[in-house]
Amino acid sequence: MAIEIERKFLVCDAGWREAVSRSTRMVQGYLVAEPGLTLRVRIAGEQAFLTLKGASRGIARAEYEYPVPVADAEAMLRDLACTALVEKVRHLVPVAGRVWEVDEFAGANAGLVLAELELEDERAAFVRPDWLGEEVSDDPRYFNARLARHPYRDW
């Protein structure tokens, strides 16, 4: 089984910008967005993916991701999504041998900036950059599926 182990933080300043190695525009929506199961369609640049995620258990959850043709992803987002779309730019930021994903949200979630780090183990050590704010790994308001239904601008 594929397991995603991820820590998520608010970003408190723009110090990360000087270290960005790559940025990708993303748009995603959900075909299923229920407690314990999400089915996401994401277009990331010139690629597209269908991703199933199980219930969170702490900072870990089952995750299965499959590439799909971009045209199919566009059709699924247009015809099948049960939520609003989430738009963001993902910036890859290397720090001390790891790569942080800093997401700058747009549209209904504009103003929200989150940093995520995928880990190999729930207890894995990592260097905490100065630009990280509060950890929100356990706060469901910051899950992308929740942002699709309850956008940041409405908080």
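Residues numbered from 1 in each chain as written. Predicted model: local features only at pLDDT ≥ 70, side-chain atom pairs only at ≥ 80, totals over all residues. Heavy atoms only, no water.

- In the nomenclature of an unreviewed UniProt entry, the protein chain corresponds to CYTH domain-containing protein from the organism Marichromatium bheemlicum.

Notes on the overall build of the protein chain
Argument step 1. Of the regular secondary structure elements, the protein chain holds 2 helices and 9 strands.
Argument step 2. Along the chain direction, N to C, the helices and strands of the protein chain fall in the order β-β-β-β-β-α-β-β-β-β-α.
Argument step 3. Here the C-alpha atoms of the protein chain give a radius of gyration of 15 Å, agreeing with the 15 Å that 2.2 N^0.38 yields for 155 residues.
Argument step 4. Expressed as lengths along the three principal axes of its C-alpha atoms, the size of the protein chain is roughly 40 × 30 × 30 Å.
Argument step 5. Residues counted as buried form 47% of the 155 residues belonging to the protein chain.
Argument step 6. Taking the contacts inside the protein chain whose residues are at least 6 apart along the sequence as the reference set, 59% of them involve residues at least 24 apart. (Helix = DSSP H or I, 4+ residues; strand = E, 2+ residues; numbered from the N terminus. Rg over C-alpha atoms; globule rule 2.2 N^0.38 Å. Buried < 20%, exposed > 50% of the residue type's maximum accessible area, 1.4 Å probe, protein only. Contact = heavy atoms within 4.5 Å.)

Focus: helix α1 (residues 70–79)
Argument step 1. Along α1, the positions that sit buried rather than exposed are Ala 73, Met 76 and Leu 77. One face of α1 carries all of its buried residues, which in axial projection span an arc of 95 degrees. Relative to its buried face, α1 has exposed residues pointing more than 90 degrees away, namely Ala 71, Arg 78 and Asp 79.
Argument step 2. Tucked inside the fold, the buried residues of α1 contact β2 (22–34), β3 (37–44), β4 (47–54) and β5 (60–68). (Arc of directions from axis to C-beta.)

Focus: the environment of Ala 48
Argument step 1. Its place among the elements puts Ala 48 in strand β4.
Argument step 2. In this structure Ala 48 comes out as buried when scored by relative accessible area, which is 2%.
Argument step 3. The sequence separation of Ala 48 and Met 76 amounts to 28 residues, and the corresponding C-alpha distance is 11 Å.
Argument step 4. For Ala 48, the residues in contact, after removing those within four places along its chain, are Arg 42, Ile 43, Tyr 66, Pro 67, Val 68, Pro 69, Val 70 and Ala 73.

Overview of the UniProt feature "domain: CYTH" (unreviewed entry) in the protein chain
Argument step 1. Mapped onto the present numbering, the UniProt feature "domain: CYTH" (unreviewed entry) falls at residues 2–149.
Argument step 2. Between the end C-alpha atoms of residues 2–149 there is a gap of 26 Å, over a span that is 11% helix and 51% strand. (UniProt positions renumbered as here; feature names shortened; annotations may be inferred.)

With respect to unusual backbone geometry
Argument step 1. A positive phi is found at Ala 96, a non-glycine position, where the angle reads about 50 degrees.
Argument step 2. Classification of Ala 96 as exposed rests on a relative accessible area of 59%.

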